[in-house]
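Coordinate inspection notes
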Amino acid sequence: MRAREVYVTGYGLVAPTVLDAQSLFQRICEKRSCVREHPLFVELGFPNAAAGFIDDQQWQQLRAGFDENPSAQPRQTVLAEYVAKQALQHAGLQPEAFSQVASGLFLGANKYCANSQDLDLACMCLDERGSLDLDRFLQRQERVEHPFARRVDQQTLHLAKRLGIRDHISTHSDACAAGTVAIGSAYRAIERGEIDLAICGAVELMANELPYYMFNSLGALCQKADVPAQQQSRPFMRDRSGFVLSEGAALIILESKQHAERRNAKPLGRVLGYANFCESEKMTSSSRDGSKYEHCMEAAIEDAGLLRYAIQHVNTHGTSTQVNDSCEAHALKRLFGDLLDGMTLSANKSALGHSLAGSGAIEAVLSLISLRDGVLLPTLNYDAQGAEFPELRFLSEPLKQSINIVLSNSFGFGGVNSSIVLGRA
Amino acid sequence: MNGSHARQVYLVDLALLNAAGSSPSDRYAAAQPAQAPTFKLDRLARPIATPRLAIDLFERKIQRSVEAQGLRLLHCAARLAPALRDLQLPAERVALTAAIPEVDAPSPCWDAVEAIREQPHKLLGQLFANTPPLHALTLLNSSVMAYVAEGLRCNGPMAGYCSQSNAGIDAFIEAVTMLTEARADAALVVSSSPNITPALYLREGTSYPDGTDADIYGEGAAAVLLATVAPLTAPLVIRVAGWGRAYSARVERAAALAERVLEQALSTERVNLSDVELLVADERDPILRELFAPAATPRSSRDLTGDLGASALLTDIAYAIGDSRHEHEPRSRYVLLMTRSRAGHCGALLLEIAKMEKGA
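Quick caveat: nothing in here was measured; it's all calculated off a predicted structure.

1. Description of the overall build of chain B
A count of helical and extended segments in chain B gives 13 helices and 11 strands. By the burial criterion, 64% of the 360 residues in chain B qualify as buried. Within chain B, counting contacts between residues at least 6 apart in sequence, those at least 24 apart form 75% of the total. In the structure as shown, chain B presents an accessible area of about 13,200 Å², 51% of it carried by carbon and sulfur atoms.

2. What to know about the packing of helix α1 (residues 21-29) of chain A against helix α15 (residues 357-373) of chain A
All names here are of chain A. Relative to each other, α1 and α15 sit at 75°, their axes nearing to 10 Å. Considering the angle they form, α1 stands roughly perpendicular to α15. Between α1, through A21, Q22, L24, F25 and I28, and α15, the contact on the second element is made entirely by I362, V365, L366, I369, S370, R372 and D373. Looking at side-chain class alone, the contact of α1 with α15 contains 8 nonpolar, 2 polar and 2 charged residues.

3. Thoughts on the pattern of salt bridges
Applying the stated criterion across every chain, the model contains 49 salt bridges over all chains. Between R334 of chain A and D289 of chain A there is a salt bridge; the shortest N-O distance is 3.5 Å. Here R334 of chain A, found in helix α13 (residues 322-336), pairs with D289 of chain A, found in the loop between β8 (269-278) and α12 (291-303); they are 45 residues apart in sequence, far enough to count as distant. Notably, a salt bridge pairs E391 of chain A with K333 of chain A, separated by 2.9 Å at the nearest N-O pair. Placement of the pair is E391 of chain A in the loop between β11 (375-376) and β12 (399-400) and K333 of chain A in helix α13, with a sequence separation of 58 residues. For E391 of chain A, a relative accessible area of 33% puts it in the partly exposed group. Classification of K333 of chain A as partly exposed rests on a relative accessible area of 27%. Residues joined in a network through salt bridges with shared partners are R192 and E194 of chain A together with D170, E174, E181, R183 and R245 of chain B.

4. Some details on the packing of aromatic side chains
Residue and element names in this part refer to chain A. Under the definition given, this model contains 8 aromatic pairs over all chains. Centre to centre, the rings of Y293 and F411 are 3.6 Å apart; their planes meet at 10°, and the pair counts as stacked. One end of the pair, Y293, is in helix α12; the other, F411, is in strand β13 (residues 405-412), with 118 residues separating them in the sequence. Classification of Y293 by relative accessible area gives buried; the value is 5%. An aromatic cluster of at least three residues, connected via ring pairs, comprises F41, F46, Y212 and Y213.

5. Focus: the pairing of strand β14 (residues 416-423) of chain A
Residues and elements named next belong to chain A. Taking burial as the measure, the 8 residues of β14 include 8 buried ones, the bulk of the element. Burial of the side chains of β14 extends over both faces: V416, S418, I420 and L422 are buried on one face and N417, S419, V421 and G423 on the other. Here 8 bridges tie β8 to β14, and the two strands are oriented antiparallel to one another. Following the sheet pairing, C278 is matched in β14 by V416. Sheet topology places β13 next to β14; 8 bridges connect them, and they run antiparallel. Within β14, the residue paired with I405 across the bridge is G423. Here β13 folds back onto β14, and the loop between the two strands holds 3 residues, one of which, G414, carries a positive phi near 85°.

6. Let's talk about the confidence of the model for chain B
Low pLDDT means the predicted coordinates in that region are not meant to be read closely. Residues and elements named next belong to chain B. Across chain B, pLDDT averages 84, with 86% of residues at or above 70. Overall, residues 206-213 carries pLDDT values under 50, and its contacts beyond four positions in sequence, including any with other chains, amount to 11 contacts. Model confidence for the complex is summarised by a pTM of 0.93, with the ipTM given as 0.90.

7. Structural notes on the sheet that holds strand β9 (residues 276-280) of chain B
Residue and element names in this part refer to chain B. With respect to topology, 9 strands assemble into an open sheet ordered β4-β3-β5-β7-β1-β8-β11-β10-β9, the strand pairing being mixed. Each end of this open sheet is capped by a strand with a single partner; those strands are β4 (158-161) and β9. In this sheet, neighbouring strand axes are inclined to one another by 20° on average, regardless of whether the strands run parallel or antiparallel. Here 8 bridges tie strand β1 (residues 10-18) to strand β7 (residues 220-227), and the two strands are oriented antiparallel to one another.

8. Brief notes about the packing of helix α9 (residues 178-191) of chain A against α15 of chain A
Residue and element names in this part refer to chain A. The geometry of α9 relative to α15 is characterised by a closest axis approach of 5 Å and an angle of 60° between their N-to-C directions. Classed by the angle they form, the pair α9 and α15 counts as oblique. Residues A178, G179, T180 and I183 of α9 form the contact with α15, whose participating residues are A357, G360, A361 and A364. Within the contact of α9 with α15, the residues separate by chemical class into 5 nonpolar, 3 polar and no charged.

9. Side note on empty space enclosed by the protein
In this structure the tally under the stated criterion is 11 cavities of 30 Å³ or more. In this model, the largest cavity occupies a volume close to 450 Å³. Surrounding the largest cavity, 32 residues form its lining, S165, R302, D307, A312 and R340 of chain B being those nearest its centre. Sorting the residues of the lining of the largest cavity by element identifies α11 (302-305), α12 (312-321) and β10 (333-340) of chain B as the ones contributing at least two each. In terms of residue count, the dominant contributor to the lining of the largest cavity is α12 of chain B (4 residues). Here the residues of the lining of the largest cavity are counted per class, giving 10 nonpolar, 13 polar and 9 charged. In terms of lining, the second largest cavity is formed by 16 residues, of which the most central are S185, R188 and R192 of chain A together with Y161 and E174 of chain B. Elements with a contribution of two residues or more to the lining of the second largest cavity: α9 and β8 of chain A together with β4 and α7 (166-180) of chain B. Residues that form the lining of the second largest cavity fall into these classes: 7 nonpolar, 3 polar and 6 charged.

10. Digging into α12 of chain A
Residues and elements named next belong to chain A. Over its 13 residues, α12 runs 18 Å from end to end, which matches the ideal 18 Å to within 8%, given 1.5 Å per residue. Residues of α12 that are buried: Y293, E294, C296, M297, A299, A300, I301 and D303. At the C-terminal side of α12, G305 shows a positive phi close to 75°.

11. A word on the side chain of S410 of chain A
Residues and elements named next belong to chain A. Looking at where S410 falls in the secondary structure, it is placed in strand β13. Here the side chain of S410 touches T180 through a polar contact of 2.6 Å, side chain to side chain. When near neighbours in sequence (up to four residues on either side) are disregarded, S410 contacts C176, A177, T180, H317, G360, V416, N417 and S418.

12. Looking at the environment of R85 of chain B
Residue and element names in this part refer to chain B. As for its position among the elements, R85 is in helix α3 (residues 81-87). Judged by its relative accessible area of 55%, R85 falls in the exposed class. Each C-alpha atom of the pair R85 and T177 lies 22 Å from the other, and the pair is 92 residues apart in sequence.

13. Details of the nonpolar core
For soluble globular proteins, nonpolar side chains are generally found buried alongside one another. Ranked by size, the top nonpolar core spans 93 residues in total, and within it L24, I252 and L254 of chain A together with L96 of chain B carry the most contacts. Here the element with the most residues in this core is α15 of chain A; it accounts for 9 residues. Ignoring sequence-local partners within four residues, the contact set of L96 of chain B consists of C278 of chain A together with M145, V148, A149, C154, P157, M158, A159, L188 and V190 of chain B.

Rules used in this analysis
- The written sequence of each chain sets the order in which its residues are numbered from 1.
- The lettering of chains begins at A and the numbering of ligands begins at 1, in the order of writing.
- Whole-chain, interface and lining totals are the exception, using all residues; otherwise, since this is a predicted model, local features are given only for residues with pLDDT of at least 70 and side-chain atom pairs are given and counted only at 80 or more.
- Think of the side-chain values as coming from all heavy atoms in the structure, minus any hydrogens and water.
- Runs of E in the DSSP output that reach at least two residues are strands. Runs of H or I that reach at least four are helices, and both are numbered from the N terminus.
- Three labels apply to residues, based on accessible area from a 1.4 Å probe with only protein chains included: buried if under 20% of the type maximum, exposed if over 50%, partly exposed otherwise in between.
- Contact definition: two residues touch when any of their heavy atoms are within 4.5 Å.
- Areas reported here follow the Shrake-Rupley algorithm with a probe of radius 1.4 Å; residue values treat only the protein chains shown as occluding.
- Axis definition: a line fitted to C-alpha atoms, over the contacting stretch in the case of helices. Angles run 0 to 180 degrees between N-to-C directions.
- Note that the term roughly parallel is reserved for angles under 35 degrees, roughly antiparallel for angles over 145, roughly perpendicular for angles of 65 to 115, and oblique for everything else.
- Any residue outside Ala, Val, Leu, Ile, Met, Phe, Trp, Tyr, Cys, Pro, Asp, Glu, Lys and Arg is labelled polar, Gly included; the first ten of those are nonpolar and the last four are charged.
- Each salt bridge in this description consists of a side-chain nitrogen of Lys or Arg and a carboxyl oxygen of Asp or Glu lying within 4 Å of one another.
- Each Phe, Tyr or Trp ring (for Trp, its six-membered ring) is paired with any other whose centre lies within 6.5 Å, and the angle between the two planes then decides the class: stacked below 30 degrees, edge-to-face above 60, tilted in between.
- Any two strands with at least two DSSP-identified bridges between them are counted as paired.
- pLDDT is defined as a per-residue confidence score from the predictor, taking values between 0 and 100.
- Buriedness for pockets is judged along seven lines, at least five of which must meet protein on both sides within 12 Å for an open set on the 1 Å grid over protein atoms alone, while cavities are sets there where a 1.4 Å probe fits but cannot get out, and lining residues have an atom within 4 Å of a point.
- Grid points are joined across faces, edges and corners, and a volume is the space filled by probe spheres set on the points.
- Given the number of residues in a helix, its expected span is that number minus one, multiplied by 1.5 Å.
- For this analysis, a polar contact is any N or O atom pair within 3.5 Å, provided that within protein one partner can donate a hydrogen and the other can accept it, and provided that sequence-adjacent residues contribute only side-chain to side-chain pairs.
- Buried Ala, Val, Leu, Ile, Met, Phe, Trp, Tyr and Cys residues form a nonpolar core when they are joined through side-chain atoms within 4.5 Å.

See below:
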């Protein structure tokens, strides 16, 4: 038992097609994908238009809930504030709570991406030496904000100010692991006694033009444009061919047990352990034998003070790329061996696509709902016959089953490996 | 908020690069004139040339595929490789923390603008596919961290911080905590400042004051190696004696916040401000000047380096180490470093610096 236990008391979430966590959980239970053809990608003539994206209708509601003029703020900030409000409401907290105790904000986000119009405009303002004429560039800007002025920590600063965070704020840009790293960092800060209350998670809006070019040039995106959009993300299947770009945000309220009890907050779950490592095996893949992912999972379980047989369910990173899923499957087999027979697994990206920084936070929320409700999510587009690793018990249908402990993985480009252990309240 | 430090943490080695030079003693030289960027003639800056990487540590392609800020950081990290090797630790026991403000956007976007200008006939997709600095991996801070981890073999716990001036103290504190909690036996802390591009000036309204001479930006990077054992051969023994950190977006709380952080940093060692012999902080910061008055006036290397953002703290550690008193008046002394950001962060670091005794 730890000196300071860390409770989850609330969460908020926005993902493609949904504006809250429960709707997303229900949608996946109904085996309905959030991946669709992205109108922007169709318009740009991309060979594969599949993406998980927050649509115009959703954005209308996000903007309507924003306290300031939403046009004057980057979309990431509008999204972060909306999700934060949900999380606070869910936890029964007023924003002032963060200014009254030792508190922190830990936010994962990878970047803001300009689009090609932004780049073209800047290019038109270069002088004969190739230097930008800043004055000319600023005069031509029609928008309130300048695309090149956006920063990766912009939404962190906005939320910190809005909530009156007192002690610690940080932005984590650890690629696909950033959301889990942010939650893990908040957990550590509470566990160490540095703070009592945290809001943590990630915001990512990369279902966009430049990220498509960039990840496509790596060969990481799904290469099978002829497959319907909702079927393209196929983690751990033999016919998987890359990930589907997605976006979204999730924020979680963490509190020390003492703080939660003082205010009679109802715990929704617990963070029990966490580990993260920079493995540097390869820029876009892990050790092929799974040993590096295994090391990370093992360290998180050890950090939780548990033995591996305590893990009942694994929410895999499961991106649907050949290499990642293979490495993760091997790691799971190395770590759990025969214990896999009694465990279930899920790959939420089968329904959501890969929202990079957002994925770890979104998957943590889905894991917490599974722990609370005793319902395990199906992995979409999965069937045992076509599975490459049939010994891993991914579910094709939702399963009503009470569980106590979930291990959730996030493995990022550059070898940022992170695993978090979540427990039932 | 230090907690008790069961394991001591020592600074084993340090590397830096900026307009003032690349060794701690350079911080005490005369400042070279700052220059106006070609795209912003009404402002001064302290840019530096992009260094070549050591090919014994890094693959050649990295020189071409990482943008300038990342290269500066890798260059500094590489200089710590011999000291790290000397520790003879397994890679899994070496932690890595990083303060990298903007290796990702918008700098690569700026490279894209340059690429469009040079090859206007090409489709954007082709540019991104064929121009190495523009592919997906330069989007990600984790790429630079991975190059460090690969080149220097540090595969222990890691943490990355992506913001401006506070990222340096966050990365340093996290590394110290990893060591005191015995999750690693050594830690590499790497940091960099943003490239001086038009984007930096477009961004500044969000974090820097207008119209002050504090906004002479500098380019640079710095890295330190920390360990739980003191180096046997270094001329100075530098121990991390305390730290503090807090945040408030409310300007009216800034002075109280700085006071609280100062108390945190001094509390573990149970010392007072009067026990501190060297105060390193931005001498233009009115809150910090007030905090330290009348005991002393803080000093820093900012005049020589420009505002280095995320790499300022590690650079100022070098400034503290380079103080000639360590050499000429050899005895143990406390050095306090404090940082404050316009956004509302405040951090402090207490070091104890002693000259290594002969024969030790």
